[in-house]
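Structural description and commentary
If you want the building blocks of each chain, they are given just below.
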Amino acid sequence: MKKPKLGQNFLIDENACIRIADSLGDTSERTVVEIGPGHGAITDLLAPRCARLHCIEFDPALARELTFRFRNDPHVTIHQADILQTNLEPLLPTPYSLLPALDIIGNLPYYITSDILLHLFASARQGILHRAVLMMQREVADRIASAPGSSDYGPLSAITQLHAQVTNLFTLSPSAFNPPPDVYSTVIRLDFAPRFTELSLDPADFEAFNRFLRASFAQKRKTLSNNLRAAGYTAAQLAAAWPNTIPAQARSEAVDLEAMAYLYRNLTQSPARQS
């Protein structure tokens with residue numbers, strides 16, 4: 001499989017940069033982590049605004065450029081690193097303050113957007129993230145923000161909304177970037193508020209619940225029950241676990257997170273699936 005190129009689509013619309021930075025709110029006492037700062041268009045705005053700024057840049061040449069530019073700003077640290085391999089916990093402010101959680105900002109590479117989100121959600125389950133303002137392909141943002149009942153609603157929608165409140169902020173045309181991408185980009189805000197306790201889910205069981213959701217949405221044309229049958233659950237197990245709030249012929253996109261979590265809990269407490 002051919003690896004994607006390191007090339008980025010750099011945001012050049014100054015007004016858009018200001019709007020993105022403003023969307024984090026007051027960061028004067030906060031530690032901010034910027035993912036993929038590129039040439040630093042948003043970094044320039046963040047540096048004087050926040051108490052501490054960590055920039056995670058994968059491209060070595062761009063990391064060197066930023067390190068030189070911010071060499072006289074001791075509160076700005078440039079990390080030449082892969083965000084997917086970066087443990088965010090050591091970036092928490094020390095000494096421990098009243099505002100310990102991190103704020104995240106970034107233009108996410110299209111080909112690893114879902115991977116980065118899952119990486120952030122792992123940190124959110126540790127309670128170390130406060131808010132994120134992220135730019136991504138418009139179609140992905142629409143899926144993330146969609147509500148149950150929408151054709152866009154899917155496993156990424158449910159997983160995101162399990163971890164955070166989602167706000168769709170604004171959309172940018174390709175002309176806002178250099179070089180222009182082939183797609184529109186949307187900026188969203190995630191206010192992290194994991195719902196595991198509310199839904200009686202164990203955060204340690206997240207991977208199993210994530211697999212359950214993906215199995216539930218495996219075939220869009222199939223009903224939820226047929227998808228789960230294909231995943232290995234028996235008709236008897238489904239009948240015993242099925243809540244009254246889910247119609248028998250419901251498709252997964254019509255089932256809200258509360259009902260899906262209830263069904264998952266019932267099924268995991270039932271006898272083992274048949275092989």
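Keep in mind the model is a prediction, meaning the values are calculated, not measured. (Residues numbered from 1 in each chain as written. Predicted model: local features only at pLDDT ≥ 70, side-chain atom pairs only at ≥ 80, totals over all residues. Heavy atoms only, no water.)

Points about the overall build of the protein chain
Spelled out, the test is: Helix and strand labels come from DSSP, where a helix needs a run of H or I of at least four residues and a strand needs a run of E of at least two; each type is numbered from the N terminus. Within these notes, the globule rule equals 2.2 Å times the number of residues to the 0.38 power, and the radius of gyration is based on C-alpha atoms. Whether two residues are in contact is decided by their heavy atoms, any of which lying within 4.5 Å being enough. Surface exposure here means Shrake-Rupley accessible area, sampled with a 1.4 Å probe, where a residue is shielded only by the protein chains that are shown. For this count, His and the chain ends are skipped, Lys and Arg are scored as positive, and Asp and Glu as negative. The atom standing in for a charge is NZ when the residue is Lys, CZ when it is Arg, CG when it is Asp and CD when it is Glu.
Counting its secondary structure elements, the protein chain contains 10 helices and nine strands. The C-alpha atoms of the protein chain give a radius of gyration of 21 Å, which matches the 19 Å a tight globule of 275 residues would have. Judged by the C-alpha coordinates and their principal axes, the protein chain covers about 65 × 45 × 35 Å. The contacts in the protein chain between residues at least 6 apart in sequence include a share of 67% that link residues at least 24 apart. Taken as a whole, the protein chain presents about 13800 Å² of accessible surface, with 50% of it coming from carbon and sulfur. Looking at charge distribution, the protein chain has the averaged site of its 25 positive side-chain charges lying 8 Å from that of its 27 negative ones.

Overview of the packing of helix α6 (residues 155-163) against helix α7 (residues 206-216)
Which entries qualify depends on this criterion: With axes taken as lines fitted to C-alpha atoms, and helix axes fitted only over the stretch in contact, angles between N-to-C directions fall between 0 and 180 degrees. Left-handed describes a crossing in which the near helix is turned anticlockwise from the far one by less than a right angle; the clockwise case is right-handed. Charged means Asp, Glu, Lys or Arg here, nonpolar means Ala, Val, Leu, Ile, Met, Phe, Trp, Tyr, Cys or Pro, and polar covers whatever is left, Gly included.
Put simply, α6 and α7 touch, their axes get as near as 9 Å, and they point 145 degrees apart. Between α6 and α7 lies a crossing whose hand is right-handed. Between α6 and α7, the contacting residues are Pro 155, Ala 158, Ile 159, Leu 162 and His 163 on the first element and Phe 206, Phe 209, Asn 210, Leu 213 and Arg 214 on the second. Here the contact of α6 with α7 is composed, by residue class, of seven nonpolar, two polar and one charged.

What about the packing of α7 against helix α10 (residues 257-268)?
Definition in use: Here the word oblique covers every angle except those under 35 degrees (roughly parallel), over 145 (roughly antiparallel) and from 65 to 115 (roughly perpendicular).
Running from N to C, α7 and α10 cross one another at 110 degrees; their axes reach a closest spacing of 11 Å. Taken together, α7 and α10 sit at an angle that is classed as roughly perpendicular. Where α7 crosses over α10, the two elements pack in a sense that is right-handed. Touching Ala 208, Phe 209, Phe 212, Leu 213 and Ser 216 of α7 are Leu 257, Met 260, Ala 261, Leu 263, Tyr 264 and Leu 267, all from α10. A breakdown of the residues in the contact of α7 with α10 according to their chemical character gives 10 nonpolar, one polar and no charged.

Concerning the nonpolar core
Among soluble globular proteins, nonpolar side chains are generally buried collectively. Put simply, the rule is: Here, the term nonpolar core denotes a set of buried Ala, Val, Leu, Ile, Met, Phe, Trp, Tyr and Cys residues that are joined through side-chain atoms within 4.5 Å. Partly exposed describes any residue whose relative accessible area lies between the buried limit of under 20% and the exposed limit of over 50%, with all areas from a 1.4 Å probe on protein chains only and scaled to the type maximum.
Among the nonpolar cores identified, the biggest contains 57 residues, and Leu 88, Ile 104 and Leu 134 are the most heavily contacted of them. Per-element tally for this core: the top contributor is α10, with seven residues. In this structure Ile 104 touches Leu 24, Val 33, Ile 35, Leu 88, Leu 120, Leu 129, Arg 131, Ala 132, Val 133 and Leu 134, once residues within four positions along its chain are discounted. Core analysis: the second largest hydrophobic core is formed by 26 residues, Leu 53, Ile 105, Met 135 and Ala 176 among them.

Brief notes about the pairing of strand β9 (residues 185-192)
Operational definition: The pairing criterion is simple: DSSP has to find at least two bridges between the two strands.
Summarising burial for β9: eight of the eight residues are buried, a large majority. On β9, burial covers both faces: Ser 185, Val 187, Arg 189 and Asp 191 on one face and Thr 186, Ile 188, Leu 190 and Phe 192 on the other are all buried. Two strands pair when backbone bridges link them, and strand β6 (residues 129-137) and β9 are joined in this way by seven bridges, in the antiparallel orientation. Each residue of the ladder has a partner; that of Arg 131, found in β9, is Asp 191. Relative to β9, strand β7 (residues 164-172) runs antiparallel, the two sharing eight bridges. Paired with Thr 171 across the two strands is Thr 186, which belongs to β9.

Any functional reading would require information that these geometric values do not contain.
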